[in-house]
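Descriptive structure summary
Here is what each chain is made of, one letter per residue.
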Amino acid sequence: MPHSPLSRRGFLTTSAATLAVAATTHSARADSTAKSVDLTRGPFIYPFHIGEVEAWSISDANSMLGAGLDLMWPVEERPAMKTTMEQHGEPDGGIPLYVNVLVLRRGKEVLLFDAGFGERDNPNMGWLYEGLAAISIAPEQVTAGFLSHAHGDHINGFIREGKPAFPNAAFHVLPAERDFWRSPNPDFSESKRNKKPLPNMIKGARVKFDILEPVTVTLRDGDQLFDGLVSVEAAPGHTAGHCCFRIRSGGEELLHLMDLAHHHLLLFADPNWGIAFDHHPQQAIETRKKYWERAAHAHTRCYGFHLPWPGIGQIVADGHGYRWWPEAWKWVS
């Protein structure tokens, strides 16, 4: 498995900051014998490298999709999905929702790929700003934000108190995504998702695009930015303008899968299975199949927004389907 070197000192520095944040965020509680810290959240920042670029995976949330397999399609395949879960020792019930935000730093450039839920009343969501502070990155230091699509767990964190959360950052998005949400009647007719929340979703996305309009840079499929560091790849289906990002530095590569997969088992075991959140289910399946085949063949190092934190691994061919093979955490002295 490919990996990048990481100094023990660098990891320990970051971990110490992370644990300090966690320890001060949660109150101490007393039991009958001694006081202890209620660490409802453990370490949530993972440092690594992509070639010559510093990188971090910051967890933004610890949540659960209570509907579980009722979110998965086609309906007639749910018994097979349940069997697959049982065979792999996966718990019955809800589907865990991981939210991993990729942060890169090269010189004075700080790049952010989606921004999570943003500030929430729920203490289990909205950890990104805390994570950035723990690695000594101020909001003003972020120079570019990239949006894969405008669902709330991806776009909300770009807004803070009604203003761009990262005031010096250009906001990059494919026009197909922005145009979809701004259209008079965004088309969700193919989606299997619950339609009741849609009016508020649409209104919220429009407001956020309006706030970000002054700093918006429209992307094109195939664009390469920052001297080839970031390549933009349209990956439609989940939404009309959904895209992935390929990071290249020093002969190494990381493919950011964004929302091609919402589960580390189900969306790989059979790429014909889908999730209700896809706007265009069949197109999402076709896009996923293309990416899984290419990534497995090339042994590409990948990063998943909704895969178990820190979200780094490879896609491995397995019979008629695939497996997500997480990369082992690695440190060097």
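Helix and strand counts for the chain come out as eight helices and 20 strands. Pairs at least 24 residues apart make up 69% of the contacts formed inside the chain by residues separated by at least 6 positions. For the chain, the computed accessible surface area is about 15200 Å², with 52% contributed by carbon and sulfur atoms.

Further remarks concern the environment of Ile211. Mapped onto the elements of the fold, Ile211 is located in helix 6 (residues 198-212). We classify Ile211 as partly exposed; its relative accessible area is 22%. On a C-alpha basis, the gap between Ile211 and Gly162 in space is 7.4 Å, while along the polypeptide they are 49 residues apart. Apart from residues lying up to four places away in sequence, Ile211 is in contact with Ile159, Gly162, Lys163 and Pro164.

Here we come to the sheet that holds strand 19 (residues 312-318). With respect to topology, seven strands assemble into an open sheet ordered 13-14-15-16-18-19-20, the strand pairing being mixed. In this open sheet, the two edge strands, each paired with only one partner strand, are strand 13 (224-225) and strand 20 (321-326). The sheet contacts of helix 8 (residues 281-298) involve strand 14 (230-234), strand 15 (243-249), strand 16 (252-258), strand 18 (302-304), strand 19 and strand 20, and relative to strand 19 the element is tilted by about 100°.

Our focus in this paragraph is the packing of aromatic side chains. What the rule picks out here adds up to 18 aromatic pairs. Aromatic pair Phe180 and Trp181: ring centres 5.2 Å apart, planes at 90°, arrangement edge-to-face. Of the residues examined, Trp181 reaches a relative accessible area of 0% and is grouped as buried. The rings of Tyr129, Phe158, Phe166, Phe171 and Phe209 are connected pair by pair, giving a single aromatic cluster. Directly above the aromatic system of Trp73 lies the positively charged group of Arg78, at a separation of 5.0 Å from the ring centroid. The ring of Tyr129 has Arg160 sitting right over it, with the charged end atom 4.0 Å from the ring centre.

Quick look at helix 8 now. When the terminal C-alpha atoms of helix 8 are compared, their 26 Å separation across 18 residues agrees well with the 26 Å that a helix rising 1.5 Å per residue should span. All of the buried residues in helix 8 are Ala284, Ile285, Thr287, Arg288, Tyr291, Trp292, Ala295 and Ala296. In a view along the axis of helix 8, the buried residues occupy a sector of 165°, so they form one face of it. Residues of helix 8 that are exposed and point over 90 degrees away from its buried face: Glu293, Arg294 and His297. Trailing helix 8 by a residue or two, His299 shows a phi angle of about 55°, which is positive.

The subject of this paragraph is the nonpolar core. If you look at the biggest cluster of nonpolar residues, it comprises 96 residues, and the most contacted ones within it are Phe113, Phe166 and Ile315. When sequence neighbours within four positions are dropped, the list of residues in contact with Ile315 reads Leu257, Phe268, Trp292, Ala295, Ala296, Cys302, Tyr322, Arg323 and Trp324.

A few words on unusual backbone geometry. In this structure, the amide linkage connecting Trp73 to the following residue, Pro74, adopts the cis form with an omega of 0°. Structurally, the position occupied by Pro74 is in the loop between strand 5 (72-73) and helix 2 (78-87). That bond from Trp309 to Pro310 is cis: its omega, 10°, falls within 30 degrees of zero. Note on placement: Pro310 falls in the loop between strand 18 and strand 19. Its identity is not glycine, yet Glu161 carries a phi of approximately 55°, on the positive side. The topology assignment puts Glu161 in the loop between strand 9 (159-160) and strand 10 (163-164).

Before going further, it helps to examine the sheet that holds strand 3 (residues 45-50). The sheet built from seven strands is open, its strands ordered 3-4-6-7-8-11-12 with mixed pairing. Both outer strands of the open sheet, strand 3 and strand 12 (216-218), are each paired with one neighbouring strand and no more. Averaged over all adjacent pairs, the angle separating strand axes in this sheet is 25°, with direction ignored. Relative to strand 4 (residues 53-65), strand 3 is paired through six bridges, and the arrangement is antiparallel. Paired with Pro47 across the strands is Trp56, a residue of strand 4.

The next subject is the confidence of the model for the chain. Averaged over every residue, the pLDDT of the chain is 90; residues scoring 70 or more account for 87%. Put simply, strand 1 (residues 28-30) is where the chain has its lowest mean pLDDT, 33, and strand 18 is where it has its highest, 99. Here residues 1-38 scores under 50 on pLDDT; set against residues more than four positions off or in separate chains, the count is 63 contacts.

Time to look at the environment of Ala205. Relative to the elements of secondary structure, Ala205 occurs in helix 6. With 49 residues separating them in the primary sequence, Ala205 and Asn156 have C-alpha atoms 8.5 Å apart. Among residues more than four places away in sequence, those in contact with Ala205 are Ala150 and Trp181.

Under the criterion given, the structure shown has 13 salt bridges. Among the salt bridges present, the one from Glu86 reaches Lys82, with a minimum N-O distance of 3.7 Å. Residue Glu86 and its partner Lys82 are both found in helix 2; the two are separated by four residues, about one turn of the helix. Across the pair Glu327 and Arg301 runs a salt bridge whose closest N-O atoms are separated by 2.8 Å. Placement of Glu327 in the segment after strand 20 and of Arg301 in the loop between helix 8 and strand 18 is noted, with a sequence separation of 26 residues between them. Of the two residues examined, Glu327 and Arg301, each falls in the buried class. One network of salt bridges, with partners in common, ties together Arg178, Arg182, Asp210 and Glu213.

What counts, and where the lines are drawn
Residues numbered from 1 in each chain as written. Predicted model: local features only at pLDDT ≥ 70, side-chain atom pairs only at ≥ 80, totals over all residues. Heavy atoms only, no water. Helix = DSSP H or I, 4+ residues; strand = E, 2+ residues; numbered from the N terminus. Contact = heavy atoms within 4.5 Å. Areas by Shrake-Rupley, 256 points an atom, 1.4 Å probe, with all protein chains shown as cover. Buried < 20%, exposed > 50% of the residue type's maximum accessible area, 1.4 Å probe, protein only. Pairing = 2+ DSSP bridges. Axes fitted to C-alpha atoms, helices over the stretch in contact; angles between N-to-C directions. Phe/Tyr/Trp six-rings, centres within 6.5 Å; stacked < 30°, edge-to-face > 60°. Lys NZ or Arg CZ within 6 Å of the ring centre and 35° of its normal. Expected span 1.5 Å × (residues − 1). Arc of directions from axis to C-beta. Core = buried A, V, L, I, M, F, W, Y, C linked by side-chain atoms within 4.5 Å. pLDDT = per-residue confidence, 0-100. Salt bridge = Lys/Arg side-chain N within 4 Å of Asp/Glu carboxyl O.

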